[in-house]
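# Residue-level structure breakdown
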Amino acid sequence: MNIIVAKDYKEMSQASSRMIEEQITKKPDAVLGLATGGTPLGTYKELVRSYKEGRADYRFLSTINLDEYVGLDPEHHQSYCYFMNQNFFQFINIDKKNTYIPYGKTEGLEQECRRYEEVIDTVGPPDLQLLGIGENGHIGFNEPGTSFDSETHIVHLTDSTREANARFFESMEDVPTKAITMGIRSIMKSQKIILLASGERKADAIYQLIHGEPDEQFPASSLKNHDDLTLIVDEDAYKKVQ
Ligand code: F6R
């Protein structure tokens, strides 16, 4: 595991966007695995900036996102599809046909999971997967207890996850009860993985990731079995390790 400790959120974002740019320069038709959430927003911002400065070309690139809520239309303002368009895709010259996100509005959820795993296997697996981490060690929507053998699957969101996300919806009833997520095994198929963490809120999770053994009760620990993992953390997220 490589560990890069950045001074703050901005430096963390710059370090991860540099690694992504290097990947695209080396392989213009690379496949990137992408995440939503607050942590990668700075990375997307940096990538948009360097695109505008002419330092990256996304024409031949494909992207595969980690997860999506069940029941939300891709146009819904809280869907992860909308998030990706708003924060990244609309600003770069990527061909939208090459951006893959699970389709949460389907009636055939099991079929959608199988279709998505096939996308991972045929379009991907990603050359580089970007991940955030939950305070309880979740990656994607893989909560503690998820099998390390899991592929794309449906998750019933816990009350605490729904409550944490309720602020983005008009009422608690509007918060989806299920999501589709790449499984742990799906994530591990990537050639390279970058995990980002920023802020004191993530310090316990980063401590456990670095010092703990792989354990299904802490999903991110599965990444310790990957041979090309880079953690990019800021000093606040790293503070318990020192
Ligand atoms: C997002 C995702 C989640 C987040 C995690 C951290 O696609 O899969 O696992 O990475 O919940 O979220 P933030 O970055 O908001 O702290």
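Residues numbered from 1 in each chain as written. Predicted model: local features only at pLDDT ≥ 70, side-chain atom pairs only at ≥ 80, totals over all residues.

## As for the overall build of the protein chain
- Helices and strands together make up the secondary structure of the protein chain, namely eight helices and ten strands.
- Taken over the C-alpha trace, the protein chain has a radius of gyration of 17 Å; the compact-globule value for 242 residues is 18 Å, and the two agree within 12%.
- With the C-alpha coordinates aligned to their principal axes, the bounding extent of the protein chain is approximately 45 × 40 × 35 Å.
- Scored against the burial criterion, the 242 residues of the protein chain give a buried share of 43%. (Helix = DSSP H or I, 4+ residues; strand = E, 2+ residues; numbered from the N terminus. Rg over C-alpha atoms; globule rule 2.2 N^0.38 Å. Buried ≥ 20, exposed ≤ 12 C-beta atoms within 10 Å, placed from the backbone.)

## Let's talk about the UniProt feature "active site" (unreviewed entry) in the protein chain
- The positions UniProt marks with the feature "active site" (unreviewed entry) are D67, N136, H138 and E143.
- Relative to the assigned elements, D67 resides in strand β4 (residues 67–69).
- With 22 C-beta atoms packed within 10 Å, D67 lands in the buried category.
- Those residues in contact with D67 that sit more than four places away from it in its chain are Y80, P102, G140, F141, A179, I180, T181 and M182.
- Position of N136 among the secondary structure elements: in the loop between β6 (128–131) and β7 (153–156).
- Its 17 C-beta neighbours within 10 Å are what place N136 among the partly exposed residues. (UniProt positions renumbered as here; feature names shortened; annotations may be inferred. Contact = placed C-beta atoms within 7 Å.)

## Brief notes about the environment of E135
- By secondary structure assignment, the location of E135 is in the loop between β6 and β7.
- Residue classification places E135 among the exposed positions, given that 12 C-beta atoms sit within 10 Å.
- Separated by 67 residues in the primary sequence, E135 and K202 place their C-alpha atoms 5.6 Å from one another.
- Setting aside chain neighbours within four positions, we find E135 in contact with R201, K202 and A205.

## A few points about the packing of helix α1 (residues 9–26) against helix α2 (residues 41–52)
- Between α1 and α2, the least distance of the axes is 8 Å, while the angle of their chain directions is 55 degrees. Taken together, the axes of α1 and α2 lie oblique to each other. Between α1 and α2 the crossing geometry is right-handed. The segment α1 lies against α2, with Y9, K10, S13, Q14, S16, S17, I20 and E21 engaging G42, T43, K45, E46, L47 and S50.
- Classifying every residue of the contact of α1 with α2 gives three nonpolar, seven polar and four charged. (Axes fitted to C-alpha atoms, helices over the stretch in contact; angles between N-to-C directions. Parallel < 35°, antiparallel > 145°, perpendicular 65-115°, else oblique. Left-handed = near helix turned anticlockwise from the far one by under 90°. Nonpolar A, V, L, I, M, F, W, Y, C, P; charged D, E, K, R; others polar.)

## Brief notes about the environment of T230
- Residue position: T230 is located in strand β10 (residues 229–234).
- Residue T230 is classed as partly exposed on the basis of its 17 C-beta neighbours within 10 Å.
- In the structure, T230 is positioned 226 residues away from I4 in sequence and 7.4 Å away in space, judged by C-alpha atoms.
- If sequence neighbours within four positions are ignored, T230 has contacts with N2, I4 and I194.

## So, the sheet that holds strand β1 (residues 2–6)
- If you walk across this open sheet you meet the seven strands as β1-β10-β9-β6-β2-β3-β5, and the pairing is parallel. Two strands lie at the open edges of the sheet, namely β1 and β5 (99–100), each paired on one side alone.
- The sheet contact formed by strand β3 (residues 62–65) and β5 spans two bridges and is parallel. In the sheet register, I64 faces β5, and the bridge partner there is Y100. (Pairing = 2+ DSSP bridges.)

## Details of the site of the ligand
- Near the ligand, the surroundings consist of 13 residues, among which T36, G37, G38, T39 and G132 are the closest.
- Class assignment for the residues of the shell around the ligand results in four nonpolar, eight polar and one charged. (Near = placed C-beta within 6 Å.)

## Here's the deal with the sheet that holds strand β8 (residues 178–181)
- Taken together, three strands build an open sheet; the order of strands is β4-β8-β7 and the sheet is antiparallel. Since the sheet does not close on itself, it has two edges, and those belong to β4 and β7, each with one partner. For this sheet, the mean angle separating the axes of adjacent strands, direction not counted, is 25 degrees.
- Where β7 meets β8, four bridges bridge the pair, whose relative direction is antiparallel. The partner of V155 across the bridge, within β8, is A179.

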